[in-house]
2 protein chains.
Amino acid sequence: MHGLMMHGELTITTILRHAMRWHPGSEIVSRRTDGAIHRINYADLGRRIHKLANALARLGVKPGDRVATLAWNGWRHVEAYYAVSCMGAVCHTLNPRLFADQLGYIVNHAEDTVLLFDVTFAKLVEKLAPSWPTVRHYVALADAGAPPACDLPGLLNYEDLIAGESEDFAWPDLDERTACSLCYTSGTTGNPKGVLFDHRSQVIHALSVSGGDWLCLRQRDSVLPVVPMFHACAWGLPYAGLMNGVKLVMPGHGLDGPNLCELIDAEKVTLLAGVPTVWLEMLRHLKATGGRLDSVERLMVGGAAAPRSMIQTLEEEYDVRVVHGWGMTELSPVGTLSVPKAHMQDWPAEKRYAVQGLQGRPLYGVDMRIVDADGRELPHDGTAAGALQVRGPWVAGGYYRGDNPESFTADGWFNTGDVAAIDAEGFLRLTDRTKDVIKSGGEWISSIEIENVAVSHPAVQEAACIAITHSKWGERPLLVVVPKAGAAVDKADLLAFFEGKVAKWWIPDDVAVVEELPHTATGKLYKLGLRERFRDFVLPTDAN
Amino acid sequence: MHGLMMHGELTITTILRHAMRWHPGSEIVSRRTDGAIHRINYADLGRRIHKLANALARLGVKPGDRVATLAWNGWRHVEAYYAVSCMGAVCHTLNPRLFADQLGYIVNHAEDTVLLFDVTFAKLVEKLAPSWPTVRHYVALADAGAPPACDLPGLLNYEDLIAGESEDFAWPDLDERTACSLCYTSGTTGNPKGVLFDHRSQVIHALSVSGGDWLCLRQRDSVLPVVPMFHACAWGLPYAGLMNGVKLVMPGHGLDGPNLCELIDAEKVTLLAGVPTVWLEMLRHLKATGGRLDSVERLMVGGAAAPRSMIQTLEEEYDVRVVHGWGMTELSPVGTLSVPKAHMQDWPAEKRYAVQGLQGRPLYGVDMRIVDADGRELPHDGTAAGALQVRGPWVAGGYYRGDNPESFTADGWFNTGDVAAIDAEGFLRLTDRTKDVIKSGGEWISSIEIENVAVSHPAVQEAACIAITHSKWGERPLLVVVPKAGAAVDKADLLAFFEGKVAKWWIPDDVAVVEELPHTATGKLYKLGLRERFRDFVLPTDAN
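This structure is a prediction, so every number in the text was calculated from the model and none was measured.

1. What to know about the side chain of A:Glu159
Residues and elements named next belong to chain A. By secondary structure assignment, the location of Glu159 is in helix H6 (residues 158-163). Polar contacts involving the side chain of Glu159 include one to the side chain of Arg76, which spans 2.8 Å. Ignoring anything within four residues of it in the chain, the contact list for Glu159 reads Arg48, Arg76, Ala142, Asp143 and Ala144.

2. Focus: the pattern of salt bridges
All names here are of chain A. Under the defined criterion, the tally for this structure stands at 81 salt bridges over all chains. In this structure, Arg76 engages Asp143 in a salt bridge whose closest nitrogen and oxygen atoms are separated by 2.7 Å. Highlighted residues: Arg76 in helix H3 (residues 75-86) and Asp143 in the loop between strand E6 (137-140) and strand E7 (155-157), separated in sequence by 67 residues. Relative accessible area serves as the criterion here: at 29%, Asp143 is assigned to the partly exposed category. Between Glu451 and Lys527 there is a salt bridge, and its shortest N-O distance comes to 2.6 Å. Taken as a pair, Glu451 in helix H14 (residues 447-455) and Lys527 in helix H16 (residues 527-533) lie far apart in primary sequence, 76 residues in all. A relative accessible area of 6% means that Lys527 is categorised as buried. Residues participating in the shared-partner salt-bridge network are Arg32, Asp34, Arg48, Arg76, Glu79, Asp143 and Glu159.

3. Regarding the packing of helix H1 (residues 12-22) of chain A against H3(A)
Residues and elements named next belong to chain A. Orientation of H1 relative to H3, taken along the N-to-C sense of each, is 125 degrees, at an axis distance of 9 Å. Taken together, the axis directions place H1 and H3 in an arrangement best described as oblique. For the element pair H1 and H3, the recorded crossing hand is left-handed. In this structure, H1 contributes Ile12, Thr13, Ile15 and Leu16 to the contact, and H3 contributes Tyr82, Ser85 and Cys86. Here the contact of H1 with H3 is composed, by residue class, of five nonpolar, two polar and no charged.

4. Focus: helix H2 (residues 42-58) of chain B
Residue and element names in this part refer to chain B. In this model H2 runs 24 Å from its N-terminal to its C-terminal C-alpha over 17 residues, within 8% of the 24 Å that 1.5 Å per residue would give. Along H2, 13 of the 17 residues are buried, which leaves the element largely enclosed by surrounding structure. Its side-chain oxygen 3.1 Å from the backbone nitrogen of Ala43, Asn41 forms the N-cap of H2.

5. Details of the interface of chain B and chain A
Taken together, the contact pairs 79 residues of chain B with 79 residues of chain A. Of the roughly 6200 Å² buried between chain B and chain A, counting both surfaces, carbon and sulfur atoms make up 58%. Counting every contact that joins chain B to chain A gives eight salt bridges. The partner of A:Asp367 in a salt bridge is B:Arg21, and the shortest N-O contact between them spans 3.0 Å. Across the contact surface, chain B and chain A share 44 residue pairs in polar contact (both at pLDDT 80 or more). Sorting the residues of the side of chain B that touches chain A by element identifies helix H1 (12-22), strand E9 (193-198), helix H7 (199-209), strand E16 (361-362), strand E17 (367-371), strand E18 (386-391) and strand E19 (414-422) of chain B as the ones contributing at least two each. Top contributing element to the side of chain B that touches chain A by residue count: H7(B), with six residues. When grouped by side-chain class, the residues that make up the side of chain B that touches chain A number 36 nonpolar, 24 polar and 19 charged.

6. Section: the sheet that holds strand E2 (residues 37-41) of chain A
Residue and element names in this part refer to chain A. In space, the nine strands of this open sheet follow the order E2-E1-E11-E10-E12-E13-E14-E15-E16, with mixed pairing throughout. The strands lining the two open edges of the sheet, one partner per strand, are E2 and strand E16 (361-362). By the bridge criterion, three bridges tie strand E10 (residues 222-225) to strand E12 (residues 271-274) in an arrangement that is parallel. Within E12, the position partnered with Leu224 by the bridge is Leu272.

7. Quick notes on the domain arrangement of chain A
Residues and elements named next belong to chain A. Each assigned domain of chain A is listed with its residue range as follows: domain 1 (12-254), domain 2 (365-433) and domain 3 (438-533). Once you take the C-alpha centre of each, domain 2 and domain 3 turn out to be 25 Å apart. The interface of domain 2 with domain 3 comprises eight residues on the first partner and six residues on the second. For the pair domain 2 and domain 3, the summed buried surface comes to about 460 Å²; carbon and sulfur atoms form 54% of the total. Run the count over domain 2 and domain 3 and you get one salt bridge. Glu449 is the partner of Arg429 in a salt bridge, and the nearest nitrogen-oxygen pair spans 3.8 Å.

8. Quick look at the pairing of strand E11 (residues 247-250) of chain B
All names here are of chain B. Bridging between strand E1 (residues 27-31) and E11 involves three bridges; their strand directions are parallel. When the sheet's bridge partners are listed, Ile28 is paired in E11 with Leu248. Relative to E11, strand E10 (residues 222-225) runs parallel, the two sharing two bridges. In the strand pairing of E11, Ser222 is matched with Lys247.

9. Brief notes about the sheet that holds strand E3 (residues 66-70) of chain A
Residue and element names in this part refer to chain A. Taken together, seven strands build an open sheet; the order of strands is E7-E6-E5-E3-E4-E8-E9 and the sheet is mixed. One side of each edge strand has no neighbouring strand; the edge strands of this open sheet are E7 and strand E9 (193-198). Along the sheet, successive strands turn relative to each other by an average axial angle of 25 degrees, direction set aside. Where strand E4 (residues 90-93) lies against strand E8 (residues 179-185), three bridges are found, and the strand directions are parallel. Note that in E8 the partner of Thr93 across the bridge is Cys183.

10. A look at the pairing of E1(B)
Residues and elements named next belong to chain B. Most of E1 sits out of view: four of its five residues are buried. Two elements, E1 and strand E2 (residues 37-41), share five bridges in a ladder whose sense is antiparallel. Looking across to E2, one finds that Ile28 is bridged to Ile40. Where E1 folds back onto E2 in an antiparallel hairpin, the turn is made up of five residues, including Gly35, whose phi is positive at roughly 95 degrees.

11. A short note on the relation of the copies chain B and chain A
Superposition record for chain B on chain A: RMSD 0.1 Å, screw rotation 180 degrees, translation along axis 0.0 Å. The transformation just described matches what one would write down for a two-fold rotation axis. When C-alpha positions in chain B are compared against the rotation axis, the closest is assigned to B:Gly211, at 2.0 Å. By residue overlap, the copies meet face to face through one surface: 99% of the interface positions of chain B are interface positions in chain A.

Calculation rules
- What you see as residue numbers is a count from 1 along each chain, following the sequence as written.
- Here the convention is simple: chains get letters from A, ligands get numbers from 1, in the order in which they are written.
- Selection of residues for local features in this predicted model requires a pLDDT of at least 70, selection of side-chain atom pairs for listing and counting requires 80 or more, and totals for whole chains, interfaces and linings are taken over all residues.
- To obtain the side-chain values, all non-hydrogen atoms of the structure were used and water was disregarded.
- Numbering of helices and strands runs from the N terminus; a helix is a DSSP stretch of H or I covering at least four residues, while a strand is a stretch of E covering at least two.
- Pairs of N or O atoms within 3.5 Å make up the polar contacts considered here, provided that, within protein, one atom can donate a hydrogen while the other can accept it, and that residues adjacent in sequence are counted only when both atoms are side-chain atoms.
- When checking whether two residues touch, look at their non-hydrogen atoms; a contact exists if any pair is within 4.5 Å.
- Whenever a carboxyl oxygen of Asp or Glu lies within 4 Å of a side-chain nitrogen of Lys or Arg, that contact is scored as a salt bridge.
- Buried, partly exposed and exposed residues are distinguished by accessible area as a fraction of the type maximum, computed with a 1.4 Å probe on protein chains only: under 20%, between the cut-offs, and over 50%, respectively.
- The axes used here are C-alpha line fits, helices contributing only the stretch in contact, and every angle between their N-to-C directions lies in the interval 0 to 180 degrees.
- Note on angle classes: values under 35 degrees are labelled roughly parallel, values over 145 roughly antiparallel, values of 65 to 115 roughly perpendicular, and the remainder oblique.
- What makes a crossing left-handed is the near helix being turned counterclockwise from the far one by less than a right angle; a clockwise turn instead makes it right-handed.
- The residue classification treats Ala, Val, Leu, Ile, Met, Phe, Trp, Tyr, Cys and Pro as nonpolar and Asp, Glu, Lys and Arg as charged. All others, Gly included, are polar.
- Expected helix span is taken as 1.5 Å per residue step, with the number of steps being one fewer than the number of residues.
- What gets called buried area is simply the loss in accessible area from a 1.4 Å probe that two parts show on being joined, summed for both.
- Pairs of strands are assigned from DSSP output, requiring at least two bridges between the strands.
- What counts as a domain boundary in this text is fixed by an automatic or database domain assignment.
- Least squares is the method for superposing the copies, and the C-alpha atoms it fits come from residues with pLDDT of at least 70 in both.

Quick look at the structure:
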């Protein structure tokens, strides 16, 4: 028997309508590319979204078409998010930090028909445009009459494009399963894979992350997403923000300490969100200038593990509560947030920081399990490490065009590619990537833990641990290190350094000293390249 | 084009699984009927829910069957909520405060097959059971071997019933539109009407009310719902609570000041939820004893308008933030919550309390409009008052068995039966009930505002204003008053008292003095009865 409640499709259109109708005066404050500040309230933003939808329809954008953006966080990018999704098309956010050949691949794979871009990226777009036959229109996100100096076929100016359009648009009644946006993950193996979000997944994600334990979004908040809108929808903040009527403070292209601190002070920012490197840079600037974070209450950090010292400094010296989390584009992106439980509130600070430094516990909406090589679920004892799998209403069930089907299990879970342990309180601790873990005699060795020990040696600048084929054990670890400037690494000394720090059988079988390690476009260690380089390496322990 | 995210049905089963898996140690603390305290954690509660589902299946409960409860807030009632809904049956909460003939009607209208009841209600159930032919099993919510002294056919004991059952239950994969619970509204006109909630509506409601501006639920919260579980699902707290892993503190039948204050202190309650009368009684007790509310951060009040003095006292003397709201069973029940916006934070306290005393602004998920007699939408100017209509994913789209179809508009809105104004900031202010408003010459007169003026007259104890048919104006107001003990009401003096306080044409045409006014079972003024009594009354102003 069905209930008798209204259905009420969970669409991004309902967020836009709620924002315009109940928070018309709430603001979006943006740093323009020329450094000036731009302000607009939700009511005016909504009218411009209607104009943009009319303009895109005039350009021939149809339901399901992919409309790409290559832009920083700013009001026009928010307008594009809503106009494209609410008209039933798909907003495809391109990451300008990718290699040019990856961007070339992605636009063709997505078959984008329109590209809206910040003038910062004009030269990049000009270079790639000839390789993008599906893109019919290029739109520069610039002031009226201020086209960028670049040579693009049929280049349009955003403000000129929308100027004459009607402020009304009859949004279609969309099924909540309709695709709303597309974002490619920049994996370290193979081609980027597209995650095709739907309206329902984005709305449920925004509702859940707004909760008291998580982002705790309130209308009176001033929220500064440093995390870019081309990076997993800025962790959902453009949706959760408008849903709750907050002031959104958009930093544009200036993600440096001085720019952020000026915005924080001027706009009395209460919530920050971004990756650890941004906050380390901000803390350096604050220390150098004696600046404060008086208005800031919470700081969300993700994308990489937050150093414990950063959590401690923010709390003890700046009175800012750090919400450390873990997610993936495939998770919309929030999976876990490391918020201490009731009985941990009175723990000694050191012990509590250790908990906050973990990846965290899942929000309602995310379920997780860790499994061994045979797919058997492992216990939540904080020690057993296995392949991390996730499911829930905002988790990808497949990649665009059916790429990489092996990432999805037959019983409905997404294979994250991470190796993790979960403790009795439900806190997740990532230990490795599945493809990087070293499988020695049927047991797993965490490459990350080996690397962490290695970089704590005084002579080591950077380290990578990879698996080398071994005739007896299947795989054994090889440690590859870059010495510190002026220092020399002694193999025997370095291997002896591991004694007592890891299990005896985890100690690498050999050490290779190199001048530098390969990295990806986004700065991650590129282990695939390293494995190729050492493909024919024979370990001294291998009798064959 | 559809997105490629997992669907993930939004069912109450997913809340239960999340609670058991990620918050096994969180507690439900209950006041037993014998006054003692009972504690159970989510893991053990979950196992008992599985046992109860097995027991109910053994009793023959099938998907869609209605299983009724007549119980206070306590752990066994929570078990019933989850077991019944997650097995695909419908948990029908009965309100013991209704008149016996209403309870008789409701159980037969719902065709309940099983009734679980607290022993407090044994005599009531014994009396009504002969009139309930569909109820096949009566289950007393009592300790093993402690049956209540009553004469019921096939009376079962809850603990004996579940004792031998398995701790595993294979929950069915439910469509999220499946009905999960049923609650009848006790209107002042006609028979009670059934609201049939579904899993989806309850989950979305629980997600939304958990948000930072609203209940702001965090795992470390200790939540005391004084609002009964038979009253619109205790405002969704049994769902939102387990979703967030909070400690739930269940007061049982003792809703008096001493009991509540003892629980608040012992369990370090951070969030309270209940109707104004409960808090007024609690404040009286605190004043008399010098008690404090040190652990309490937030107090949610709804069900009736909260007096401004109560909001002020709680904030200024007890440092408790009041979240005042408005809702209806048909809204699951939360519609609006009166949380000041950013620019109101620094307002003088008096002005801010006035805002907090309004019914509030809608959460994401609720849309509202006010319309005039012709169905035209009225402006949000704080003055124009019209019929309040609501829509959204947790709003009823119809009543059980199709009762009262006139409550639902052709274009998809629910007619609340309230008359309201909405201001430019989106704050709702209820001015009357649609059926009580006086329609004079095409304009509306608020009966409530007339009554508010009348009771501020020193000689008036209680007042009711009703419409009397008028040959020229259609309707004109008649004021019916009960004088204070020992006081005399002079008609001309009382009418003169209105001068300058309301528009001249709002002043009643006559005053009738009575000894008492009729009330409903839940204590509301019963204007229908009053209108019947004065049906043939002729106003002195009516020439005909």
